[in-house]
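Residue-level structure breakdown
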Amino acid sequence: MEPRALLGLAVLGLYVVIGTVLAVYARRMGIKSSRDYYVAGYRMGSLLSALTYAATTYSAFMMVGLVGFTYLYGSGALGFELVYFVGTMFLLTILAPRAWRMARERKWISISDMLSDLYSSKLVGGVVAVVFLYALVPYMGAQVVGIATSVKGLLGGGEILGLDSYLFGVLVGGIVLITWVVVAGMWSVALTDALQGVLMILAAAGFLVWILDYTSRNPGLGEVSHTLASRGLLGITSFWKPVVFIGFTVPWFFFAVTNPQVVQRLFIPRDQRALSGMVKWFALFGLSYTVVVTVIGLVARGLTETGYLPSIEDKDMVTPTLLSIAPPLLSALVFTSIAAAAGSTVDSIALTVASSVVTGLYKPFSKKPSEAVEILVGRIIVVVLVLAASVIAIKKIGFIVALSVLSSAILLPLAPPTIYAWLHPEKAERASRAALASIVSGVSIATAAVLEYGVGALVKPLLGLPIPLWVLLVSTLSFILLPRTSSTRHPDHD
Amino acid sequence: MVQVRDIIAGVLATLLMYIVPYTVLGGTSSWILYIYWVVVASSYTCYALYRFSRILMRGGSSGA
């Protein structure tokens, strides 16, 4: 094995060991109930809450996909990502305090639990759990691809222990992530997320310092800036047509209320101070990380335009190409941070989806529900979900790849019923049929678009509007127009 | 209750993220569009964090 690969393996190994120690340490927090396991007993501090929120939100897409997007399509990529950021801050400001307070008052442990309770309908909770499985398992698969690709990059391709390095990455990633979730649920996920979040921001900062230094010593920062401007990459390039920009931004704008792995994190801060701290630290993390990542992408393009970096057609290869000329230790840290970003997203989703399946699909049919069994079932579901994601990462089935790209669009129909129920909890139980209609109609449109257009569905215009906007419009109209039930108790209320 | 000014501020910040780049700054050949996006996003973030703290001080505005 080459020295560079050996260093990569050492950094990755150190990261896995520290993460596993933290996960085991998390058992000291005491897991006595399903509330302890799934939402950390509503007693997490601000910094830990913020780091798990940030590490869960920001996946391998940032350091791989967004760097590539910025490299290929210029400053518009920053605008797209910052629209997500502004949307998240907007939704958190007006909704997070309500969601946090209601979660502890009503003892929610999952999003299925929350919607079942607010709409007084087990059916709503069950349908939501199915939608999460449908939309998020492919997305988990895409993240495992990110982990395996990073491990392959770390090891410089080739084989290790007789296994292809990609397959080795899937195997190691799967085992580590299962361990980190199963050991202590939300506590072990949050503690390892904190490690992952710190690694992500430090590696990104190191990457930025290196690329700026490399650029200043070669073509010069002024030359790169001038070249980027002359190529039109600092303005809106032809790629970012309004329909494309809207198609990309609409699902992400509502991410904070539609993606269960982040919604569930609103339940966990121990008090209002911790909630406030969580949002503040997340804001600082998100804004800095976005700016750093997009500057790296732009400077990389400047290096190509000035002849110091080969031209790269595949957006996912921009970061690996840069890392191939970076110092070995930095390269190992950044590759490990990419695996960390993907891993923190996978384990958070696995725990969240497991909690929704337990409360939405298992508990309603269980004759004698008990806390211990709910935790055990959740652990089994986590194992099954990570295994399914690993199989997806190995098989790379076209339809599933398309689903992973569109997961946020598929979850978009959850926005109207979630926001409405948070704002009007007293009226929500009369709108359970409207909530179901909203979810089913929106998910159906998104699925039809995936079947028709594949991965291009996100930016495909239909009658002049992007598909995600249609999904949002139809699900919102379904929710508004369907008549409310006259009774305050829905027929399928327990 | 959700304050109208918070809704207006959020909608305004979002519109500013779309409208100015597509009407005025889209064809720029300097870093001004990049800086514009960062300034709008960070200004709104400061406002949102201030309002968030105020809402929490009032007791979370649960409505539940």
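Look up a bit, the structure's there.
Residues numbered from 1 in each chain as written. Chains lettered and ligands numbered in written order. Predicted model: local features only at pLDDT ≥ 70, side-chain atom pairs only at ≥ 80, totals over all residues. Heavy atoms only, no water.

This paragraph deals with the overall build of chain B. For chain B, the count of helices and strands is two helices and zero strands. Buried residues in chain B amount to 47% of all 64 residues. Surface summary for chain B: the accessible area is close to 3300 Å², and the carbon and sulfur share equals 73%. (Helix = DSSP H or I, 4+ residues; strand = E, 2+ residues; numbered from the N terminus. Buried < 20%, exposed > 50% of the residue type's maximum accessible area, 1.4 Å probe, protein only. Areas by Shrake-Rupley, 256 points an atom, 1.4 Å probe, with all protein chains shown as cover.)

Moving on to the overall build of chain A. In terms of regular secondary structure, chain A is built from 23 helices and four strands. Taken against the 2.2 N^0.38 rule, which gives 23 Å for 494 residues, the C-alpha radius of gyration of chain A at 22 Å falls within 12% of a compact globule. Principal axes of the C-alpha set define a box for chain A whose edges measure 70 × 55 × 45 Å. Residues counted as buried form 63% of the 494 residues belonging to chain A. A separation of at least 24 residues holds for 84% of the contacts in chain A among residues at least 6 apart in sequence. Just so you have it, chain A exposes about 17100 Å², and 67% of that area is on carbon and sulfur atoms. Looking at chain A, you have 34 positive and 24 negative side-chain charges, and the mean spots of the two groups are 8 Å apart. (Rg over C-alpha atoms; globule rule 2.2 N^0.38 Å. Contact = heavy atoms within 4.5 Å. Lys, Arg positive; Asp, Glu negative; His and termini not counted. Charge placed at Lys NZ, Arg CZ, Asp CG, Glu CD.)

Let us look at the pattern of salt bridges. Residues and elements named next belong to chain A. A complete count under the given rule lists nine salt bridges over all chains for this structure. Salt-bridge contacts for Asp 193 lead to Arg 265; the nearest nitrogen and oxygen are separated by 3.8 Å. Note that Asp 193 is positioned in helix 9 (residues 186-217) and Arg 265 in the loop between helix 13 (260-263) and helix 14 (272-305), a separation of 72 residues in sequence. For the residue pair Asp 193 and Arg 265, the accessibility class agrees, reading buried in each case. Through salt bridges with shared partners, a single network forms among Arg 231, Arg 301 and Glu 305. (Salt bridge = Lys/Arg side-chain N within 4 Å of Asp/Glu carboxyl O.)

With 47 residues of chain A at the interface, the matching set in chain B holds 38 residues. For the pair chain A and chain B, the two sides together bury roughly 3600 Å², of which 74% comes from carbon and sulfur. Linking chain A with chain B are zero salt bridges. Where the side of chain A that touches chain B is concerned, the elements lending two or more residues are helix 5 (76-106), helix 10 (221-230), helix 11 (242-253), helix 14, helix 20 (415-423) and helix 21 (425-428) of chain A. Among the elements that line the side of chain A that touches chain B, the one with the most residues is helix 5 of chain A, at 18 residues. Of the residues belonging to the side of chain A that touches chain B, the class tally is 31 nonpolar, 10 polar and six charged. (Buried area = accessible area lost by both parts, 1.4 Å probe. Nonpolar A, V, L, I, M, F, W, Y, C, P; charged D, E, K, R; others polar.)

Residue and element names in this part refer to chain A. In terms of nonpolar packing, the biggest core is built from 210 residues, with Tyr 119, Leu 322 and Trp 422 touching the most fellow members. For this core, the leading source of residues is helix 5, giving 19 residues. When residues no more than four places from it in sequence are discounted, the contact partners of Leu 322 are Phe 207, Trp 210, Ile 211, Ile 296, Ala 300, Leu 303 and Leu 309. (Core = buried A, V, L, I, M, F, W, Y, C linked by side-chain atoms within 4.5 Å.)

A cluster of nonpolar side chains, contributed by Val 4, Ile 8, Leu 12 and Leu 16 of chain B, occupies part of the molecular surface with about 370 Å² of accessible area. With respect to the helices, strands and loops of the structure, Leu 12 of chain B is situated in helix 1 (residues 4-25). (Patch = residues over 30% accessible without salt bridge, like charges linked within 9 Å, V, L, I, M, F, W, Y side chains within 5 Å.)

All names here are of chain A. Along the chain, Ser 348 falls in helix 16 (residues 328-362). The class of Ser 348 is buried, set by a relative accessible area of 0%. Polar contacts involving the side chain of Ser 348 include one to the main-chain carbonyl oxygen of Ser 344, which spans 2.8 Å. Setting aside its immediate chain neighbours within four residues, Ser 348 contacts Thr 56, Val 189, Asp 193, Gln 261 and Arg 265. (Polar contact = N/O pair within 3.5 Å; in protein donor to acceptor, adjacent residues only side chain to side chain.)

All names here are of chain A. Unlike most non-glycine residues, Ala 40 shows phi in positive territory, near 55°. Within the fold, Ala 40 resides in the loop between helix 2 (34-39) and helix 3 (46-57). Non-glycine residue Ser 120 carries a positive phi angle of around 50°. By the secondary structure assignment, Ser 120 is in the loop between helix 6 (111-118) and helix 7 (122-154). Classification of Ser 120 by relative accessible area gives buried; the value is 9%.

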